[in-house]
Structure formats: structure tokens, C-alpha cells
Amino acid sequence: MAAQVTALFNDIWEQYLSVTPSAKKIHQLLGNGNDVINDHVAYRTFNHPKVNLAQLAKGLLALGYTECGQYDFSAKKLDAKHFEHTDSTMPKVFISELRVEEFSSEVQEIIADLIEQLPADVSNRPDFLYSGRLWEISSKDYETLLNVSEYAAWLAAWGYRANHFTVSINHLANYEDIEVVNATLKDAGYLLNTNGGEVKGDEAVKLEQSSTLADKAPVDFSDKTMEIPSCFYEFAKRYPLANGELYTGFVAASADKIFDSTNAK
Ligand code: OOG
Ligand code: NI
């Protein structure tokens, strides 16, 4: 099963790199020729039954993942869960879903119109987790979503792909300090998400995280092509619990700020 999981994440990684060229360079910079272990990857979706969190998760459950944590982001109108594999060298997966019913009827209609374009069994596609955007959307509808939810707009423009990969700092041969990782990235000219500070979390919550600001890439809307934020790269350092095992969960207050890495600022 581990070989299947590895193959799946290779495909997801290639699709991610196609719109996130900075990640390939940063991967080389931090790995310095060695393997880089991914702490986690993250997905976004709408809570519609055709494509909700459970539909994204089902392929992972079949590959040996289990649900391990649940999170609520009320300001962003999101629910999330994280999944872990029995083989701890496989990336954790963080999946969130937008509570569509909490938005105006105009916004709900735009989203319903996107999902309407999908076949009923879309989530059974073996490549669902890297299938990209399977609907047409106009730049006007994108802008309407952007005004109420950066998350909804990003998802409407990019569809099903990893929103970010995350370097496990614990597994890097040449780095152990997140501040040093951040300094290295800034020296190389990369922009970090400074929302809530460059480092989110601390040893007390057992998880420190930082991330780049998303790259920009062209998206073909039905009426025109626009450059918008694509995907970002995250860096995570985990601390041991009293039993000596590294903490494996997420920290909602930090995640709330990580979401903003795709903001168009
Ligand atoms: C997910 C943000 C949360 C983390 O590591 O806390 C997250 C997203 O931006 O979709 O990945
Ligand atoms: Ni993350």
C-alpha cells in the first residue's frame, strides 16, 4: 500500500509544481540533494455531497489513512479534518470544506452552478485528488466569490489539487530551526506569509509553521485569462509530547493564518 501512496503523491506533486515553480527550487535549496519528507499536504473543497471532504477522503481511507483530528474555522466558514497513514513517513493530509449554506443566495448559486457541471460520480475518478478544475467559471463570478471568501475564489479557480505541500523540518539534514529556514528562504528572495507573524505556533503548542506567499499563475476564465495566486509551500517543525512521540495534530489558530497564504495581496 505504501508504494501506491507514494505513486499518488508523486502525481499530486507534479501537478502542484506545474503552477508552483518556486516549490521545486525551494525543495532543492532545503534538501540540498537529500530526500525531503512531507509533513502534510492540504486540500480545499465545498461541502456539497458530490465533492465534500468525505468524497476527497475516501480514496485516502482506501489507501490506509485514518481520520485523526477535527477543526472548526467559524470566521472563514470552514470545517476541516486531518488524516494520517499507518506509515508515518507518508504525508498527513489536511482537508477543509466550505460551509456553502452560510453564504448569500447569490454566492450559493455561483457555487451550485460550478458543481452542477460535474458528473455525479466525479469523486470516483482515480485521479480526483489531482484532477484540477473540472468546471468553467467567468472572471466576474470569480471576483464575486473573491469579495466574500478568498478560499471560495481560490477553489473555484483551481479546483482539485494540493493547495500546498509541507517540508518536515524535523527530517531535514541541514536545518533544525524554523527561523534559520525562514532566513534562508528570505535570503534567496522568497516572500513569506507574515500574517500572524512569520512563525505560527511555538513549542508550547508542539508545532511551528511558516509558509511562502503563493506563486502566481495564469488561469483561463471563460471570458479571459488572469494571473492569480496559485499554491504555496509550507515548513513545519513538530515537538515531542510527554511520551516522546512527535505531536501529529494541527493547531487551529495557526492554520487560520496559513489559509491566508493564497490571498491576493
Ligand atoms: C490549509 C491551511 C491549514 C495547516 O498546516 O495548518 C494548514 C489551506 O490553506 O487550505 O494547512
Ligand atoms: Ni498546512
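Residues numbered from 1 in each chain as written. Chains lettered and ligands numbered in written order. Predicted model: local features only at pLDDT ≥ 70, side-chain atom pairs only at ≥ 80, totals over all residues. Heavy atoms only, no water.

For the chain, the name recorded in an unreviewed UniProt entry is 2-oxoadipate dioxygenase/decarboxylase, with Colwellia psychrerythraea as its organism. The UniProt entry for the chain carries the following comment under Sequence similarities (unreviewed entry): "Belongs to the 2-oxoadipate dioxygenase/decarboxylase family." Within the UniProt record for the chain, the comment given under Cofactor (unreviewed entry) is "Fe(2+)". (UniProt positions renumbered as here; feature names shortened; annotations may be inferred.)

For the rest of this paragraph, the subject is the overall build of the chain. If you tally the helices and strands in the chain, you get eight helices and nine strands. Relative to the compact-globule value of 18 Å for 265 residues, the chain shows a C-alpha radius of gyration of 18 Å, a close match. When its C-alpha atoms are laid out on the principal axes, the chain stretches across 50 × 40 × 35 Å. Among the 265 residues that make up the chain, the fraction classed as buried is 53%. Within the chain, contacts between residues at least 6 apart in sequence are counted, and of these 67% link residues at least 24 apart. Entry remark: accessible area of the chain is about 11,600 Å², with carbon and sulfur atoms responsible for 48%. (Helix = DSSP H or I, 4+ residues; strand = E, 2+ residues; numbered from the N terminus. Rg over C-alpha atoms; globule rule 2.2 N^0.38 Å. Buried < 20%, exposed > 50% of the residue type's maximum accessible area, 1.4 Å probe, protein only. Contact = heavy atoms within 4.5 Å. Areas by Shrake-Rupley, 256 points an atom, 1.4 Å probe, with all protein chains shown as cover.)

It is worth spelling out the pairing of strand 3 (residues 78-85) at this point. Of all eight residues that make up strand 3, six are buried, and the element is covered over most of its length. In this structure, strand 2 (residues 65-73) lies alongside strand 3, joined through eight bridges in antiparallel fashion. When the bridges of strand 3 are listed, phenylalanine 73 appears paired with leucine 78. The hairpin turn running from strand 2 into strand 3, its antiparallel successor, is four residues long, and lysine 77 in that turn takes a positive phi close to 60 degrees. Sheet topology note: the strand 3/strand 4 (residues 92-98) ladder contains six bridges and is antiparallel. Opposite aspartate 79, over in strand 4, you have glutamate 97 as the bridge partner. (Pairing = 2+ DSSP bridges.)

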